[in-house]
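# Inside the fold
The lines below spell out each chain.
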Amino acid sequence: MSKLIVAKFGGTSVADFEAMSRCADIILAEPAIRLVVVSASSGVTNLLVDITRHADMAERYTCYQGIERITLAVLNRLDNPQQAAPEIETILSALRELIENGAVYSGAHKDEIQSFGERLSSVLFAQVLRERGASALCFDARRVMRTDSRFGKGEPQVNQISELCAVHLQPLLADNIVVTQGFIGADEIGQTTTLGRGGSDYSAALFGEALSASVVQIWTDVVGIFTTDPRLTEQARCIKEISFDEAAEMATFGAKVLHPATLIPAMRRNIGVFVGSSREPKAGGTWIAKDVKDRPPYRAIALRKSQTLITVKSPAMLHAAGFLTRVFDILSRHQISVDLVTTSEISVALTLDEGGMTSAFNVSVEPALSELRSFCEVSVEQGLSLVAVIGNHLHSSKGITGDLFNTLERINMRLICHGASKHNLCFLVQDADAPGVVKQLHQNLFSAA
């Protein structure tokens, strides 16, 4: 096969029968799309997560009924619902059994329960394609998406994924459109795992890497990647082309269009990534590539709320070797991910993400803070937002930082990080100030562009 496109459709793109039909139009208009990766229908994953959080059986069943309602609403719109109904009922029955038998759910049980959304949507979507005349089949991603056993955030085993895809998935693509699940995988002994919230994008890129795809398409509910969140300013505009490095910075620092890990497999194999709207497929979108024609100083502004600033202070830091090693060893042992770091003679300030796909707060932070307090003065500030200006050569171009600081001179910044990357300049502001800061920055930096 000379050209292979992997197309991923997010939760809003497969939210209901009409949405799935629009996605089918996209697929059938492009013969090179052979692998389709789907998320759970919009709202389903939240209900599945709620099931794992409720001990009360009645509350669990209320969540289950919501999932069943969303699923059956699509099933009943099919021309031949009886063709998909047996498999749908088998999946729903398995979910009911887990609900009834689970007292307190382990990490493994939570991942298994959260896999049901994608398993349901993929069966339904394959049937939608078949009813449009396509030779389509549903493929269980867990057969090839091998991860380790870190439940909730499985680490993909890239070499094994490639080997398994060559045996089990590649042969199916010549004569079929294969629909599979994003977000889920399995460990070495077959236990269901997940790649973390929003991981369907990552799945699509991993499949693209394993199958040597020419393009990975990410279909969502927005027309590409914007210069900033359009909800913050009406001046935000779609970026037609962006480099891997810039897009990776945007994803890392809060742009919600892409999962932060999505671009890593694409970068390894230099696979082009397209981001577009399944509602408006002809409205264009954003191409992400290694080489782009234009590399402006300012490309975008990203915002990530719910940040925590931790300051560790001790006179023992002064001219002492090994102090920072001790601090970061504690954070590492407690599996706490740090974003920004600045240091002075006797203190180090660092930021943690309280929410979102890369959250440090997926684990308890307090044990690590207690350990740090045994030899340091530790202060914790919350209610902060991280603003990241994304661009090119921000560390070396004359005048660029002057433009930024002139805009920010009246803003109280708690921390600033500049110089570690040529693609970003980051700072912390109060949550209440953040929307206005982004709007003003966008106006000043992009109005003349």
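Note that this is a predicted model, so its numbers are computed, not measured.

So, on to the pattern of salt bridges. Throughout the structure, instances matching the rule amount to 15 salt bridges. Of the charged contacts in the structure, one is a salt bridge between Arg96 and Glu89, with a shortest N-O distance of 2.7 Å. Accessibility expressed as a relative area gives 37% for Glu89, which makes it partly exposed. In this structure, the salt-bridge partner of Glu381 is Arg414, at a minimum N-O distance of 2.5 Å. Of this pair, Glu381 sits in strand 14 (residues 377-391) while Arg414 sits in the loop between helix 13 (400-408) and strand 15 (415-418), placing them 33 residues apart in sequence.

Okay, empty space enclosed by the protein next. Under the definition given, this model contains 3 cavities of 30 Å³ or more. Counted as a void, the largest cavity has a volume near 50 Å³. Lining the largest cavity, in full, are Ser41, Val44, Ile70, Thr71, Val74, Gly117, Leu120, Ser121 and Leu124. Taken together, the elements giving at least two residues each to the lining of the largest cavity come down to helix 3 (57-75) and helix 6 (116-131). Here the lining of the largest cavity gets 4 residues from one element, more than from any other, and that element is helix 6. Of the residues that constitute the lining of the largest cavity, the class distribution is 5 nonpolar, 4 polar and no charged.

Taken residue by residue, the protein chain gives an average pLDDT of 89. The fraction at 70 or more is 93%. Below a pLDDT of 50 lies the segment residues 356-362, which in the model reaches 19 contacts outside its immediate sequence neighbourhood of four places, other chains included.

Reading across the sheet, the 8 strands line up as 3-4-2-1-7-9-10-8 and stay open at both edges, with mixed pairing between neighbours. Both edges of this open sheet fall to strand 3 (136-138) and strand 8 (241-243), since each of them pairs with a single strand only. Put simply, the sheet's adjacent strands are angled 20° from each other on average, direction ignored. Strands in contact with helix 6 are strand 2 (33-38), strand 3 and strand 4 (177-181); relative to strand 4, the strand with the most contacts, it is inclined by about 165°.

A few words on the environment of Gln307. Structurally, the position occupied by Gln307 is in strand 11 (residues 298-313). Linking Gln307 and Arg414, residues 107 residues apart in sequence, is a C-alpha distance of 11 Å. Within the local environment of Gln307, its side chain forms a polar contact with the side chain of Asp353, the two groups lying 3.0 Å apart.

Before going further, it helps to spend a moment on helix 3. With 19 residues, helix 3 ought to run about 27 Å at 1.5 Å a step, and its terminal C-alpha atoms sit 26 Å apart, in line with that. Every buried residue belonging to helix 3 is among Arg60, Cys63, Tyr64, Gly66, Ile67, Thr71, Val74 and Leu75, and all of these are buried. On the buried face of helix 3, the contacting elements are helix 1 (17-28), helix 2 (44-53), helix 4 (81-101) and helix 6. Two or three places before Ala58, at the start of helix 3, stands the capping residue Asp56, its side-chain oxygen 3.1 Å from that residue's backbone nitrogen.

For the rest of this paragraph, the subject is the nonpolar core. Counting residues in hydrophobic clusters, the biggest one holds 56 residues, and the most contacted among them are Leu35, Leu169, Phe207, Val273 and Ile288. Val273 has contacts with Val216, Ile218, Phe244, Leu263, Ala266, Thr286, Trp287 and Ile288, leaving out every residue within four places of it along the chain. Among the nonpolar cores identified, the runner-up in size contains 49 residues, and Ile5, Val14, Ala24 and Leu48 belong to it.

Turning next to the side chain of Arg142. By secondary structure assignment, the location of Arg142 is in the loop between strand 3 and helix 7 (158-169). In this structure the side chain of Arg142 is engaged in a polar contact, spanning 3.0 Å, whose partner is the side chain of Thr192.

Let us look at the sheet that holds strand 12 (residues 341-343). Spatial strand order, 12-13-11-14-16-15: 6 strands in an open sheet with antiparallel pairing. Looking at the sheet topology across the chains shown, the edges are occupied by strand 12 and strand 15. In this sheet, adjacent strand axes meet at a mean angle of 25° when their direction is disregarded. Relative to strand 16 (residues 424-430), strand 14 runs antiparallel, the two sharing 7 bridges. Residue pairing across strands places Ile390 opposite Asn424, the latter belonging to strand 16. Along the sheet, helix 11 (residues 323-333) makes contact with strand 11, strand 12 and strand 13 (347-353), crossing strand 13 at roughly 20°. Strands in contact with helix 14 (residues 434-446) are strand 11, strand 14 and strand 16; relative to strand 11, the strand with the most contacts, it is inclined by about 140°.

Take the pairing of strand 7 (residues 215-220) next. Counting buried positions over the 6 residues of strand 7 gives 6, a clear majority of the element. Taking every second residue as pointing to the same face, both faces of strand 7 are buried, with Val215, Gln217 and Trp219 on one and Val216, Ile218 and Thr220 on the other. Here 5 bridges tie strand 1 (residues 5-9) to strand 7, and the two strands are oriented parallel to one another. Counted as the bridge partner of Phe9 is Trp219 from strand 7.

Attention now goes to unusual backbone geometry. For residues that are not glycine, phi is negative in most cases, and the peptide bond is trans in most cases. Unlike most non-glycine residues, Asn270 shows phi in positive territory, near 55°. Accessibility expressed as a relative area gives 48% for Asn270, which makes it partly exposed. The backbone of Ser306 sits at a positive phi, close to 60°, despite the residue not being glycine. Considering the arrangement of structural elements, one finds Ser306 in strand 11.

Conventions and cut-offs
Residues numbered from 1 in each chain as written. Predicted model: local features only at pLDDT ≥ 70, side-chain atom pairs only at ≥ 80, totals over all residues. Heavy atoms only, no water. Salt bridge = Lys/Arg side-chain N within 4 Å of Asp/Glu carboxyl O. Buried < 20%, exposed > 50% of the residue type's maximum accessible area, 1.4 Å probe, protein only. Helix = DSSP H or I, 4+ residues; strand = E, 2+ residues; numbered from the N terminus. 1 Å grid on protein atoms, 1.4 Å probe; cavity = no way out; pocket = protein on both sides within 12 Å on 5 of 7 lines; lining within 4 Å. Points joined across faces, edges and corners; volume = space filled by probe spheres on them. Nonpolar A, V, L, I, M, F, W, Y, C, P; charged D, E, K, R; others polar. pLDDT = per-residue confidence, 0-100. Contact = heavy atoms within 4.5 Å. Pairing = 2+ DSSP bridges. Axes fitted to C-alpha atoms, helices over the stretch in contact; angles between N-to-C directions. Polar contact = N/O pair within 3.5 Å; in protein donor to acceptor, adjacent residues only side chain to side chain. Expected span 1.5 Å × (residues − 1). Core = buried A, V, L, I, M, F, W, Y, C linked by side-chain atoms within 4.5 Å.

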